[in-house]
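Chain by chain, the residues:
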Amino acid sequence: MFFRRYQLGRHWQGTRLSLALILTYLEPMAVNALDVGSNEGVVSSALAWQGLEVTGIERNPQSLAIADILSKRLKARVSFVSGSVTLAELRKMESVDVSLMLSVQHQLVASEGLDYANEVLRELAQKTRRQMFFQPAAIQRKYRQAMPFRDNDFYSITEYYADVLANVFPHHALIGYSPNDLPPSEPFRPMILFSHTPIQPQSGRDVVGIMNEISRASVYTNPIVHGLRKLRSG
């Protein structure tokens, strides 16, 4: 079985910038987080490495295997859960300080429809006490249906989702962009922050140091590649 190394491979630069944005704006009082669609665990592991209690939910077993190795390499305490988040499951979950839904919403829309996907997003928002970091796809093609915003129009995308969550969060902001380029017609994805407190960058956090540590612990280091080989042969 071949491990694709999605976040830590071709899309590492986009993942790196997404994580930098999250760390820059993450409230220092946050103690726990839920990462919906945690992929290879880069963001989950980085937040846990900063002391948060993190749960990452991912349905792809290959991504979960890489995430487990990465978190162990960082000595980050993350609970990775196999599966997809449904509306019913979210309603049973406890509230968290921080939630993250990065590059997941378009998959929900494509598989379950826009109304259901937006209900999942609202439920996740209702479970969030402080901040929700949200990264939607920026082109119609990714949703496999017509969407109420124009391709790569980050203002209309932000305002659409702000309307979806208008009764939940009093504050929202487009805090930055991350490279995507798959396909080339979607060169960037926006990072939108929804918050119960005024949004502002946090000082005193060594974002560069954290990013460097994540880089050193990536799948390109020999111990992690060795771990993947063991998993493949096991």
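Computed from a predicted structure; not experimentally measured.

(A) The sheet that holds strand β3 (residues 78–82), seen in detail. In spatial order, the strands read β3-β2-β1-β4-β5-β7-β6; together these seven strands make up an open sheet with mixed pairing. Each having just a single partner strand, β3 and β6 (171–179) make up the two edges of the open sheet. Recorded for the sheet is a direction-independent mean angle of 15° between the axes of neighbouring strands. Across the sheet, helix α3 (residues 61–74) is in contact with β2 (53–58) and β3; its angle to β3 comes to roughly 170°.

(B) Inspection of the side chain of Gln-135 at higher detail. Within the secondary structure layout, Gln-135 lies in strand β5 (residues 128–135). Judged by its relative accessible area of 6%, Gln-135 falls in the buried class. Setting aside anything within four residues of it in sequence, one finds Gln-135 in contact with Ser-18, Met-101, Leu-102, Ser-103, Val-104, Ser-178, Arg-189, Pro-190 and Met-191.

(C) Layout of the packing of aromatic side chains. The tally for this structure, following the rule as stated, stands at eight aromatic pairs. Ring centres of Phe-134 and Phe-194 lie 6.5 Å apart, and the angle between their planes is 50°; on these two criteria the pair is classed as tilted. Here Phe-134 is found in strand β5, whereas its partner Phe-194 is found in strand β7 (residues 188–195), with 60 residues between them in sequence. Since its relative accessible area comes to 0%, Phe-134 is described here as buried. Their ring planes at 70° and their centres at 4.9 Å tell us that Tyr-160 and Tyr-161 sit as a pair that is edge-to-face.

Thresholds applied
- Residues numbered from 1 in each chain as written.
- Predicted model: local features only at pLDDT ≥ 70, side-chain atom pairs only at ≥ 80, totals over all residues.
- Heavy atoms only, no water.
- Pairing = 2+ DSSP bridges.
- Helix = DSSP H or I, 4+ residues; strand = E, 2+ residues; numbered from the N terminus.
- Axes fitted to C-alpha atoms, helices over the stretch in contact; angles between N-to-C directions.
- Contact = heavy atoms within 4.5 Å.
- Buried < 20%, exposed > 50% of the residue type's maximum accessible area, 1.4 Å probe, protein only.
- Phe/Tyr/Trp six-rings, centres within 6.5 Å; stacked < 30°, edge-to-face > 60°.

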